Amino acid sequence: MHETDAATDEVVADRSHLPLERRIEAILMVADEPQGAVHLATALRAPVQDVKAAIEALRADYDGRGEGPERGFELREVGGGWRVYVRAAYDIDAADFVLTQQPTRLSQAALETLAVIAYKQPITRGAVAAIRAVNVDSVVRTLLGRGLIREAFADAETGAIHYETSELLLTQLGLNSLDELPPISPLLPDGEEELSL
C-alpha cells in the first residue's frame, strides 16, 4: 500500500519538468469555475508566486504580446479566479457554431435544469444540483453552450457563479418576460401551493 502511494507521489512530483504555463493551461481548459492562484498552486504543488507569473505569461501569450498572434480566446480574472473565455471579437462565431452544431431538442435533464434556473434565478450550479439531487455540470455547460442561460455574476465571497436565463430562451419560448412563465404551483403533486425549492 505504501509503495503504491509512494509511486503515485513520485509521478505527481515528477510533473515539475513540464512547463508550469502549460500545466495551468490544461487545468483552465477543463475547469468550469474560475480558479484562484492559490488553488492552482496547491493543485500543481508549485509556489503561488510562480503560478501568478505563469498566469501573466499566459495572458500575454493569448493577447499576442509575445512572439505569437492574438488568440481567439483570452484569460480573464473573474470571481476571484482565472478562466478561459472566447475573445469578445469572436463571440458571434462561437455562438453561431455552437447553435448550429447542437441538436434542436433538449434532454429531460436539460429541461429540468433549465426550469429550475428559470424559476429560481439567479442561482448557482451547486444550488441547482441540490434541488435536482444530481450533478448538473454537463447540463449547465450544454445550456450555456446553446445560449439559453448565461452567467449573471460571481459571488464575491465564494466565487460561485450565479446563472440566469437569456433573451434567447425568451425568444424560443415566445415570451416577452419571465413574468409570463406559467405558475408552477398547479403542477405540483398533492395540491402543494408553493414551490419548495
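That block above? That's the structure.
About the criteria used
Note that residues are indexed from 1 along each chain, following the sequence as it is written. Two thresholds apply to this predicted model, a pLDDT of at least 70 for residue-level local features and 80 or more for giving and counting side-chain atom pairs, whereas whole-chain, interface and lining totals are computed over all residues. Side-chain metrics in this entry use all non-hydrogen atoms of the structure; hydrogen atoms and water are not considered. Two strands are counted as paired when DSSP detects at least two bridges linking them. Helical segments are the DSSP runs of H or I of at least four residues, strand segments are the runs of E of at least two, and each set is numbered from the N terminus. One side-chain nitrogen of Lys or Arg within 4 Å of one carboxyl oxygen of Asp or Glu is enough to make a salt bridge. To sort residues, take the accessible area from a 1.4 Å probe on protein chains only and compare it with the maximum for the residue type: under 20% means buried, over 50% means exposed, and anything in between is partly exposed. Contact definition: two residues touch when any of their heavy atoms are within 4.5 Å. Arc definition: directions from the helix axis to the C-beta atoms. The axes are straight lines fitted to the C-alpha atoms, using for helices just the contacting stretch, and the angles between their N-to-C directions are given from 0 to 180°. Crossings are sorted by hand: turned counterclockwise from the far helix by less than a right angle, the near helix makes the crossing left-handed, and turned clockwise it makes it right-handed. Residue type decides the class: Asp, Glu, Lys and Arg count as charged, Ala, Val, Leu, Ile, Met, Phe, Trp, Tyr, Cys and Pro as nonpolar, and the leftover types, Gly among them, as polar.

A. The arrangement of the sheet that holds strand β3 (residues 123-124) in detail. Strand order across the open sheet formed by 3 strands is β3-β5-β4, with antiparallel pairing between neighbours. Each of the sheet's edge strands pairs with one partner strand only, and the pair in question is β3 and β4 (149-154). In terms of strand pairing, β4 meets strand β5 (residues 161-165) through 5 bridges, oriented antiparallel. The residue bridging A154 from the neighbouring strand is I161, located in β5.

B. Structural context of the pattern of salt bridges. This model, assessed by the stated rule, comprises 14 salt bridges. A salt bridge links R22 to D61, with the shortest nitrogen-to-oxygen separation between them at 3.7 Å. In this pair, R22 sits in helix α2 (residues 20-30) while D61 sits in helix α4 (residues 48-62), placing the two residues 39 residues apart along the sequence. What makes R22 partly exposed here is its relative accessible area of 38%.

C. Broad picture of the pairing of strand β1 (residues 73-78). In the sheet, β1 pairs with strand β2 (residues 81-86) via 6 bridges, with the strands oriented antiparallel. Paired with L75 across the bridge in β2 is V84.

D. A look at the side chain of T113. Note on placement: T113 falls in helix α6 (residues 108-120). Classification of T113 as buried rests on a relative accessible area of 0%. Each residue touching T113, except ones within four places of it in the same chain, is listed here: V128, R132, V136, V139, V140 and L143.

E. Summary view of helix α3 (residues 37-44). Restricting attention to buried positions, one finds in α3 the residues A37, L40, A41 and L44. Projected onto a plane normal to the axis of α3, the buried residues spread over an arc of 100 degrees and lie on a single side. When the buried face of α3 is taken as reference, the exposed residues oriented beyond 90 degrees from it are V38 and T42. The secondary structure elements touched by the buried residues of α3 are α2 and α4. Just downstream of α3 lies R45, where phi reads positive at about 55 degrees.

F. Up close: the packing of α6 against helix α7 (residues 125-132). Direction vectors running N to C along α6 and α7 enclose 115 degrees, while the axes themselves pass 10 Å from each other. Both α6 and α7 take part in a crossing whose hand is right-handed. Contacts between α6 and α7 involve A109, E112, T113, V116, I117 and K120 on the former and, on the latter, V128, I131 and R132. Along the lines of polarity and charge, the residues of the contact of α6 with α7 split into 5 nonpolar, 1 polar and 3 charged.

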